[in-house]
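# Residue-level structure breakdown
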Amino acid sequence: MNSGSSVSSMKCLIHGIQNLVGIKNMVPTKQLITRACWSNNVPQWSGLQKWRDSSMNQDRLWGQKGPQPLLELTSNLSELDGLSSLAEMGALVLSTPDPLQKSKLSHFAYSKWKQNGLPVGVCQPPVGPSRPAKPRLVSPKEIPSPKNSGLPLNAYMLHNLAHVELNAIDLAWDTVVRFSPYVELLGEGFFADFAHVADDESRHFSWCSQRLAELGFSYGDMPAHNLLWRECAKSSDSVTARLAVIPLVQEARGLDAGPRLVKKLIGFGDSRTSNIVAQIANEEVAHVAVGVYWFVSVCQKMGRVPCTTFKDILSEYNVELKGPFNVQARDEAGIPRDWYDPSSNQEKNKQLSEVYERLACVISMEQENSNLNRPPG
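Residues numbered from 1 in each chain as written. Predicted model: local features only at pLDDT ≥ 70, side-chain atom pairs only at ≥ 80, totals over all residues. Heavy atoms only, no water.

Labelled according to an unreviewed UniProt entry, the chain appears under the name Ferritin-like superfamily, originating from Heracleum sosnowskyi.

### Some points on the overall build of the chain
For clarity, the cut-off: Only DSSP runs of H or I covering at least 4 residues are called helices, and only runs of E covering at least 2 are called strands; the numbering of each starts at the N terminus. Each residue is placed in one exposure class: buried if its accessible area under a 1.4 Å probe, protein chains only, is under 20% of its type's maximum, exposed if it is over 50%, and partly exposed if it falls in between. Residue contacts are counted whenever heavy atoms from the two residues lie within 4.5 Å of one another. Computed with the Shrake-Rupley method and a 1.4 Å probe, the accessible areas treat only the protein chains shown as cover for residues.
Looking only at helices and strands, the chain features 15 helices and four strands. Every one of the 377 residues in the chain was classed for burial, and the buried ones make up 49%. Across the chain, the fraction of contacts at a sequence separation of at least 24, relative to all contacts at a separation of at least 6, is 80%. A total accessible area of about 18300 Å² is found for the chain, and carbon and sulfur atoms account for 52% of it.

### Re the environment of G254
In this structure, G254 sits in helix 10 (residues 239-268). Through-space distance from the C-alpha of G254 to that of V288 is 9.4 Å; in sequence the pair is 34 residues apart.

### A word on helix 12 (residues 306-316)
Among the residues of helix 12, those classed as buried are P306, C307, T309, F310, I313 and L314. Looking at the buried positions of helix 12, the neighbouring elements they touch are helix 10, helix 11 (271-302) and helix 14 (337-340). At the C-terminal side of helix 12, N318 shows a positive phi close to 55°.

### Regarding the pattern of salt bridges
Operational definition: By salt bridge we mean one thing: a side-chain nitrogen of Lys or Arg within 4 Å of a carboxyl oxygen of Asp or Glu.
In this structure the tally under the stated criterion is 14 salt bridges. Note that D174 and R178 form a salt bridge whose closest N and O atoms lie 2.9 Å from each other. With D174 and R178 both in helix 6 (residues 153-178) and four residues apart, the pair spans about one turn of that helix. Salt bridges linked by common partners bring R211, E214, D270 and R272 together as one network.

### A closer look at the side chain of S238
For clarity, the cut-off: Any pair of N or O atoms that falls within 3.5 Å is considered a polar contact. Within protein, one atom must be able to donate a hydrogen and the other to accept it, and sequence-neighbouring residues count only if both atoms are side-chain atoms.
Relative to the helices and strands, S238 resides in the loop between helix 9 (227-234) and helix 10. Since its relative accessible area comes to 17%, S238 is described here as buried. For S238, the side chain forms a polar contact with the side chain of T240, separated by 2.9 Å.

### Here's the deal with the layout of surface pockets
Counted only if it meets this: With a 1 Å grid laid over protein atoms only, a set of points is called a cavity when a 1.4 Å probe fits there but cannot get out and a pocket when it is open yet has protein on both sides within 12 Å along at least five of seven lines; lining residues have an atom within 4 Å of a point. Grid points are joined across faces, edges and corners, and a volume is the space filled by probe spheres set on the points. Note that Gly is not counted as nonpolar here; it falls among the polar residues with everything else outside the nonpolar set of Ala, Val, Leu, Ile, Met, Phe, Trp, Tyr, Cys and Pro and the charged set of Asp, Glu, Lys and Arg.
What the largest pocket holds in volume is close to 1500 Å³. Taken together, 43 residues make up the lining of the largest pocket; nearest its centre are V164, H225, R253, G254 and A257. Among the residues making up the lining of the largest pocket, the classes are represented as 22 nonpolar, nine polar and twelve charged.

### Overview of helix 9
Stated precisely, the cut-off is as follows: An arc is given here, and it is the one of the directions from the helix axis to the C-beta atoms.
Those residues of helix 9 not exposed but buried are L228, W229, E231 and C232. Taken end-on, helix 9 shows its buried residues confined to a sector of 155°, consistent with a single buried face. Next to the buried residues of helix 9 lie helix 6, strand 4 (224-225) and helix 10.

### Quick notes on the packing of aromatic side chains
For the record, the criterion: Note on ring pairs: Phe, Tyr and Trp rings are taken, using the six-membered ring of Trp, and paired if centres are within 6.5 Å. Classes follow the plane angle, with under 30 degrees stacked, over 60 edge-to-face and the rest tilted.
Taken as a whole and assessed by the stated rule, the structure comprises eleven aromatic pairs. Residues F295 and F310 carry aromatic rings whose centres are separated by 6.1 Å and whose planes lie at 85° to one another, so their mutual orientation is edge-to-face. On the criterion of sequence distance, the pair formed by F295 in helix 11 and F310 in helix 12 is long-range, its members being 15 residues apart. The same class applies to F295 and to F310, which are both buried. Here a set of aromatic residues connected by ring pairs shows up, and it is made of F190, F191, F194, Y293 and W294.

### With respect to the nonpolar core
To be explicit about the condition: Residues enter a nonpolar core if they are buried and are Ala, Val, Leu, Ile, Met, Phe, Trp, Tyr or Cys, with the set joined through side-chain atoms within 4.5 Å.
Within the largest apolar cluster, 89 residues are counted, with the highest numbers of intra-cluster contacts made by W173, F190, F191, L243, F295, F310 and W339. Looking at this core element by element, the count peaks at 14 residues for helix 11.

### Considering unusual backbone geometry
Here the bond from K134 into P135 is cis, since omega is 10°, no more than 30 degrees from zero. Structurally, P135 can be placed in the loop between helix 5 (99-116) and strand 3 (137-138). Cis geometry is found at the peptide bond from G323 to P324, where omega equals 0°. The topology assignment puts P324 in the loop between helix 12 and helix 13 (327-333). Of note, the phi angle at N318 is positive, near 55°, even though the residue is not glycine. Mapped onto the secondary structure, N318 falls in the loop between helix 12 and helix 13. Classification of N318 by relative accessible area gives exposed; the value is 64%.

### A look at the packing of helix 4 (residues 86-94) against helix 5
Short version of the rule: Fitted lines through C-alpha atoms serve as axes, helices being fitted only where they are in contact, and the angles separating the N-to-C directions of these axes extend from 0 to 180 degrees. Angular relationships are summarised with four words: roughly parallel below 35 degrees, roughly antiparallel beyond 145, roughly perpendicular across 65 to 115, and oblique for the angles in between.
Packing of helix 4 against helix 5 brings their axes to within 9 Å, and their N-to-C directions diverge by 175°. Considering the angle they form, helix 4 stands roughly antiparallel to helix 5. Between helix 4, through L86, M89, L92, V93 and L94, and helix 5, the contact on the second element is made entirely by K102, L105, S106, A109, K112 and W113. Residues that form the contact of helix 4 with helix 5 fall into these classes: eight nonpolar, one polar and two charged.

### Some words on the environment of K234
Tracing the chain through its elements places K234 in helix 9. On the basis of relative accessible area, K234 is assigned to the partly exposed category, the value being 31%. A sequence separation of eleven residues divides K234 from V245, and the C-alpha atoms of the two residues are 8.6 Å apart. In this structure K234 touches Y317, N318 and V319, once residues within four positions along its chain are discounted. For K234, the side chain forms a polar contact with the main-chain oxygen of Y317, separated by 3.2 Å.

This is how it looks when you write it as structure tokens:
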């Protein structure tokens, strides 16, 4: 091998490594694998900016052909009078026990803030969100099976989803209110995104509530668990933990479960409910994408690697990742596979190892060739 061909081969291998891990300069193997998780390689959901720029969504009724505006919905909620910041209005939503009223307040709070150009402000969140007398909150093990719930399967699954959506309203507003003292560090965009998420979740709850009523039931007709809020409370001391635990774990589970729930409802013969669930699942992609965006952004500001930070947080807060994973939806939302799938990281490391072995071989051959061409003595 002459020196020209060996240099050319080395350049090809270096270029291959650069494409594999997305960096411009060669570094030692251990550092290279670490940097492969860095934020520059985290994809962003293509629809994120469109979602941010969208006008207020008034489709709070599920009509015969899908979502449609609720014509009699007006912003005459006197509770919002005198409140002049997003954080104050968010605290009011959290303190409202009636689910339908909470849903309406959530929508109008976001609408008032967005239309009137109000500040984010600063406010202390309540210790926990106010809840109605029903449903009775029990441990996950005490949740009745579909057979023992007293509800048909479609209403049973819809009730569970309604509970998730109600909690999601509070989870988003708690994030806004709890971290409002850090608006200068996080930027107003952080709070705009999570208030938008809260508005989406309030719309989802209204769809679930409407459909339950059409089936002859209402939210509260069976027990529910408080696991979602317990997970939220775990992450009350850290914005990175909140982002990891809620959007990147809890809401990402919705991406995993949504298609399975749709199939079960179709099998049960309830296409109307399955259409509602499918629409909700599609819209949850935005919420996970928001979590990815801000998690990476905060990690960048802290000088931390998102991939390893995410895994460290799950270990520290004892949060478990459970499959099966909807890889396609997670890819769309921008969650890198090596964040939640160990086999993906193992395969990447295997590829890196193979490339480095080839590179070491080329370097060795180049050194041997150089020694052979060196004049004796």
